[in-house]
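# Close look at the chain arrangement
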Amino acid sequence: MRKLVFAASFLILPAGLWSQVLKGTIKDTQGEPIPYATVYIRELRQGTVANTKGDYELRIPEGKYSVTWQSLGYEPEIRDVTITRTTITINIVLQLQYYQIPEVRITASGEDPAYGIMRKVIGMAPYYLNQVSYYKAGVYLKGTLVMNRIPKLLQRSINVEARNSRGSSAGTATIKEGETYLMESFNEIEFRAPDKYTQKVISLQSTFPDQGDQISPMDFIEASFYQPVIAEMAISPLSPDAFSHYRFKYSGLSTQGDYVINKIQVIPKRKSQQLFEGTIYVIEDLWCLHSVDLVNENIAGKVRVQQLFIPVKDDIWLPVSHKFEMNISIIGVKADAAYGSSIKYNEVTANSALSKPAAVPLSPGRPLSQPSSDSERSKNREQIEKLLAKNDLTNRDMARLSSLLEKESKASMPDSIKKSLEITDRTTYIVEKDAGRKDSAFWAEIRPIPLSENEAKSLASRVTANLKNDRELPDSARKATEKKPGKSHPLRDIASGRAWSDTSGFSFSFGGLVNLKSLSFNTVDGFVYGTDFRLNKRWKNNSSITLSPDIRYAFAREAMMWRLNGQYRFDRMKQSQFYLRSGMTSRDMSGAGSINPFLNTISSLFFEKNYLKLYDAGYITAGHRRELVNGLYLDIGAGYEKRKLLENNTTFTFVNRNGDYSPNFPANRVFDPPSDTSSLLYGHNHYEFSATLQWTPMQKYRIRNNVKVPAGSDYPTFSLTWEHGFNGRPSPETGFNQYDLLRFEAWKRKETGAFGEFRWRLRAGGFINGRRELPYFDFIHFNAQPLIVLIDDYEDAFRLKNYYTLGTTGAFAEFHTKYTTPYLLLKLLPGLSRTLMRENLSLSFLWSDGNKAYTEAGYSLSEIFLLGEAGVYAGFSNLKFSGAGVRFVMRFN
């Protein structure tokens, strides 16, 4: 109901109460228009921007108002204006803003005064980020797009989708170079702390090309420069680790009313797509943002962001206008996009549980805030006051201040938020049913940023096209031109595969018969080729059953191989499921991962290196998994496997190097001599029972359609597995070999600042009994990946050890860790600093009974062309150097 009242008051009342107009042009002293200058009405908490020609126009009710006209680099003009029933025109000339550097800002140490200011701004960032608990605002957003260059190969594929007055498609038109395209919308934005947004699109019209409306600044509007990272794109100059990425230069101060504004130049230490460059303006004593003018250059082009902050309520400074300019240059397409916004704050609620530090004035001329009694002053608050009382903060003081205010901000959150582990979607996007059907009269009443001549022309061309489609085509003809669902093509579907689904919840997919991903080669099976299927049925209560069979044929040993995986999911709030895995196929002798089948195909056919060692397996495994309480899972399973040894069945190769393929048994120290495998490798029947308990303390989660989805935790995940196995011995009369295995695991992945992360994994365990007669298949295996080029990105791999050499029957301890950061060593170089690559340090350790302690350290660059990683690694046995190598990883998944 409140939304309806809001929509009515802002969108319908303009015909009467809101029909008074304040308009004019904003220019500089040379008579040149000031594009996107800001106009703000204090009593209405409403701001807007002028268009590219400096024209502005506002419809507001009658009354007396304090109106501010301002723009970055100019002195603000403030006037008291009385709005009557007649249109009022006020043309404004803004004077240049001059900044001076007072002597008091010259520090004894010679350090630029900007650093002292920035330490307090960065330290106070958590406070200003959490200062507001709720607001509702009306946001008018207008964007223009000019296509400057389109490669001929793309001109036919980039179209403008025309829409008629009903909002439905009316065909497409070819986009043209040099023309202007327009998008404008009116939105209702609601914010609830700490980070929940609801965006309701009240009205929308666009002449943008297909997908062009995705070039939107809403991520910036909903973001805050007080956050460490802006729109998951670039590091904020107010980030806690900003001094690692930016230099700051003091450019002087100016006085605006009762406030002293400091101008700070932001200079990236290196050219990077993850950094900004430009200017920020900081209010003295309050240590908050007054305005920003920053540029980011990334893979898509250059983005310029301008924001102006004004106290919309008491001492709450919020952005009242946004300006975005994008110079797009990607795959030969060159375009200019610009956005301007008008914001009216209808409701603003301060976070009453978060008090402003006493050392920061509530506003100029007002007394400092003081707690009512000593008992209310926490130790954190006392430390905050002491830090802010210092004239000059050190970097350590800044980090401490930021950390203390972060704690205070978290403590100020309602208990319902602090205690709840459920994560709700950060942004809810709602579009009114008739949002795209508003007429020109409606837009003329509510549009606060006047259209330029080219924008009006673009909109007029769309209206003409709409009228033509609406008037000249009868309904029957219009329906005939609408796109029909794609028809089935049997031959194409059989060859390349297809997915089908219906409204009852049933879906079926077929992988196709012509699929190179299904083709592989090894020396045991020869060439292997097949296809896969997937059947899924979902019911209204969200329970579902999935069957995923695949069939393959091994040409060299003339054997049909198959696998079937099945799942029945139910009670989705407890993530309950029964699972089944069965098949008759060749399997890798190492259960911990070995060579990728595609790499084994290449190495065998072109280099006669058959790394993959296989055995014949007929198996069935069944089990049940369920969440007992939040974050605690129990998985119980049992299985049977009939194991048979296999030999090489082919010597085929594309490049005959006059060598022989190696026999089909793994290279491991336990086979001494190598030909003696009878006691460890033999065909037998295997039975097992396993139980795994996995616990993630304080596990966070999302709920979507009554389905619970885990979403991580601030704590590691722990896992304990017990496995009991039976293995038939070579001679039936000798009975079975039995064993018990215990394995403990713990792992965690944590973000460490902007675009950085730290992850680790620990495994330890061993056999309690039965290890002496254990077949090689049941050894504890570890992931060795010795090839120079890899396809998969393994988080638990030893990159310098040969396949199958690390297996053991004794106790073991294994540890892997990797630290990722955007800047460490090579990324500091000029040529690499502009890329999106990240640097990584990794360390792996393995100790196992009977083997030397092995350590492997590495350095790598990841996200090379967004899909590759290259690194150098060194290995140490008992801390003695044992080898080094270079590795390349291609990430296609």
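Here, every reference points to the structure presented above.
Residues numbered from 1 in each chain as written. Predicted model: local features only at pLDDT ≥ 70, side-chain atom pairs only at ≥ 80, totals over all residues. Heavy atoms only, no water.

### A word on the overall build of the protein chain
In terms of helices and strands, the protein chain carries 13 helices and 44 strands. When the 893 residues of the protein chain are sorted by exposure, 48% land in the buried category. Counting contacts in the protein chain only where the partners sit at least 6 residues apart, residues at least 24 apart contribute 61% of the total. Taken as a whole, the protein chain presents about 44300 Å² of accessible surface, with 55% of it coming from carbon and sulfur. (Helix = DSSP H or I, 4+ residues; strand = E, 2+ residues; numbered from the N terminus. Buried < 20%, exposed > 50% of the residue type's maximum accessible area, 1.4 Å probe, protein only. Contact = heavy atoms within 4.5 Å. Areas by Shrake-Rupley, 256 points an atom, 1.4 Å probe, with all protein chains shown as cover.)

### A few points about the packing of helix H2 (residues 113-129) against helix H6 (residues 395-411)
Where H2 contacts H6, the two axes come as close as 7 Å, and the packing angle between them is 10 degrees. On the basis of the axis angle, H2 is roughly parallel to H6. Of the two elements, H2 crosses H6, and the hand of that crossing is right-handed. Residues Arg119, Ile122, Gly123, Met124, Pro126 and Tyr127 of H2 form the contact with H6, whose own contacting residues are Asn395, Met398, Leu401, Ser402, Leu405, Glu406 and Ser409. Looking at side-chain class alone, the contact of H2 with H6 contains seven nonpolar, four polar and two charged residues. (Axes fitted to C-alpha atoms, helices over the stretch in contact; angles between N-to-C directions. Parallel < 35°, antiparallel > 145°, perpendicular 65-115°, else oblique. Left-handed = near helix turned anticlockwise from the far one by under 90°. Nonpolar A, V, L, I, M, F, W, Y, C, P; charged D, E, K, R; others polar.)

### Focus: empty space enclosed by the protein
Counted according to the given criterion, the structure contains four cavities of 30 Å³ or more. Taken as a whole, the second largest cavity spans an internal volume of roughly 60 Å³. Gln70, Ser71, Leu72, Gly73, Tyr74, Tyr99, Gln256, Ile261, Tyr281, His290, Ser291 and Leu308 are the residues that line the second largest cavity. Considered class by class, the residues forming the lining of the second largest cavity number six nonpolar, six polar and no charged. (1 Å grid on protein atoms, 1.4 Å probe; cavity = no way out; pocket = protein on both sides within 12 Å on 5 of 7 lines; lining within 4 Å. Points joined across faces, edges and corners; volume = space filled by probe spheres on them.)

### A short note on helix H12 (residues 597-607)
Because each turn of an α-helix spans 3.6 residues, side chains separated by three or four positions end up pointing in the same direction. When H12 is considered as a whole, its buried residues turn out to be Leu599, Asn600, Thr601, Ser603, Ser604 and Leu605. As for H12, its buried residues are in contact with strand S26 (520-522), strand S27 (526-538) and strand S39 (789-790). Where H12 begins, the capping side chain belongs to asparagine 596, and its oxygen is found 2.8 Å from the backbone nitrogen of phenylalanine 598. Downstream of H12 by a residue or two, glutamate 608 has a phi angle that is positive, lying close to 55 degrees. (Polar contact = N/O pair within 3.5 Å; in protein donor to acceptor, adjacent residues only side chain to side chain.)

### Some points on the packing of helix H5 (residues 379-389) against H6
Close contact between H5 and H6 brings their axes to 10 Å; oriented N to C, the two are set at 145 degrees. The hand of the H5/H6 crossing is left-handed. In this structure, H5 uses Asn380, Arg381, Gln383, Ile384, Leu387 and Leu388 to contact H6, whose residues at the interface are Asp397, Arg400, Leu401, Leu404, Leu405, Lys407 and Glu408. Looking at the contact of H5 with H6 residue by residue, the classes come out as six nonpolar, two polar and five charged.

### Topic: the side chain of lysine 344
Within the secondary structure, lysine 344 sits in strand S22 (residues 333-350). A distance of 3.0 Å separates the side chain of lysine 344 from the side chain of asparagine 346, its partner in a polar contact.

### So, unusual backbone geometry
Notably, aspartate 571 is not glycine yet its phi reads approximately 45 degrees, a positive angle. Structurally, aspartate 571 is set in the loop between strand S29 (559-570) and strand S30 (576-588). Even without glycine at this site, asparagine 706 takes up a positive phi of about 65 degrees. Here asparagine 706 is to be found in the loop between strand S34 (701-704) and strand S35 (707-710).

### Topic: the packing of aromatic side chains
Throughout the structure, instances matching the rule amount to 36 aromatic pairs. Here phenylalanine 606 and phenylalanine 654 contribute two aromatic rings whose centre-to-centre distance is 5.4 Å and whose plane-to-plane angle is 70 degrees, an arrangement assigned as edge-to-face. Taken together, the residues span a long stretch of sequence, with phenylalanine 606 in helix H12 and phenylalanine 654 in the loop between strand S32 (632-645) and strand S33 (684-695) at a distance of 48 residues. Taking relative accessible area as the criterion, phenylalanine 654 reaches 47% and is therefore assigned partly exposed. (Phe/Tyr/Trp six-rings, centres within 6.5 Å; stacked < 30°, edge-to-face > 60°.)

### Describing the side chain of threonine 821
As for its position among the elements, threonine 821 is in strand S40 (residues 812-821). Residue class for threonine 821 comes out buried when judged on its relative accessible area of 9%. Among the polar contacts made by the side chain of threonine 821, one reaches the main-chain carbonyl oxygen of tyrosine 823 at a distance of 3.3 Å. In contact with threonine 821, not counting residues within four places along its chain, are Phe755, Gly756, Arg838 and Glu839.

### Considerations on the pairing of strand S9 (residues 132-149)
With 14 of 18 residues buried, S9 is to be regarded as a mostly interior element. Across 16 bridges, the pairing between S9 and S22 is antiparallel. Note on S22: the bridge partner recorded for glycine 143 is tyrosine 339. In this structure, S9 lies alongside strand S12 (residues 180-192), joined through 13 bridges in antiparallel fashion. Residue pairing across strands places lysine 136 opposite glutamate 190, the latter belonging to S12. (Pairing = 2+ DSSP bridges.)

### Some details on the nonpolar core
Ranked by size, the top nonpolar core spans 72 residues in total, and within it Phe248, Ile264 and Ile280 carry the most contacts. Per-element tally for this core: the top contributor is H2, with ten residues. Leave out the neighbours within four places in its chain, and isoleucine 264 touches Ala114, Ile117, Met118, Phe248, Lys249, Tyr250, Gly278, Thr279, Ile280 and Val282. Judged by nonpolar contacts, the second largest core, of 35 residues, contains Leu680, Leu774, Tyr803 and Phe812. (Core = buried A, V, L, I, M, F, W, Y, C linked by side-chain atoms within 4.5 Å.)

### So, the environment of proline 61
Among the structural elements, proline 61 can be located in the loop between strand S4 (55-60) and strand S5 (63-70). A C-alpha to C-alpha distance of 8.1 Å links proline 61 and threonine 84, two positions 23 residues apart in sequence.

### What about the pattern of salt bridges?
Going through the model one piece at a time under the given rule, you end up with 38 salt bridges. The partner of arginine 749 in a salt bridge is glutamate 795, and the shortest N-O contact between them spans 2.5 Å. Placement of the pair is arginine 749 in strand S37 (residues 736-751) and glutamate 795 in the loop between S39 and S40, with a sequence separation of 46 residues. The partly exposed category is assigned to arginine 749, whose relative accessible area is 41%. (Salt bridge = Lys/Arg side-chain N within 4 Å of Asp/Glu carboxyl O.)

### Notes on the environment of glycine 831
Mapping glycine 831 onto the fold places it in helix H13 (residues 830-833). With a relative accessible area of 62%, glycine 831 lands in the exposed category. When the C-alpha atoms of glycine 831 and arginine 270 are compared, they prove to be 9.6 Å apart, with 561 residues separating the residues in sequence.

Bear in mind that shape data such as this cannot, by itself, settle questions of function.
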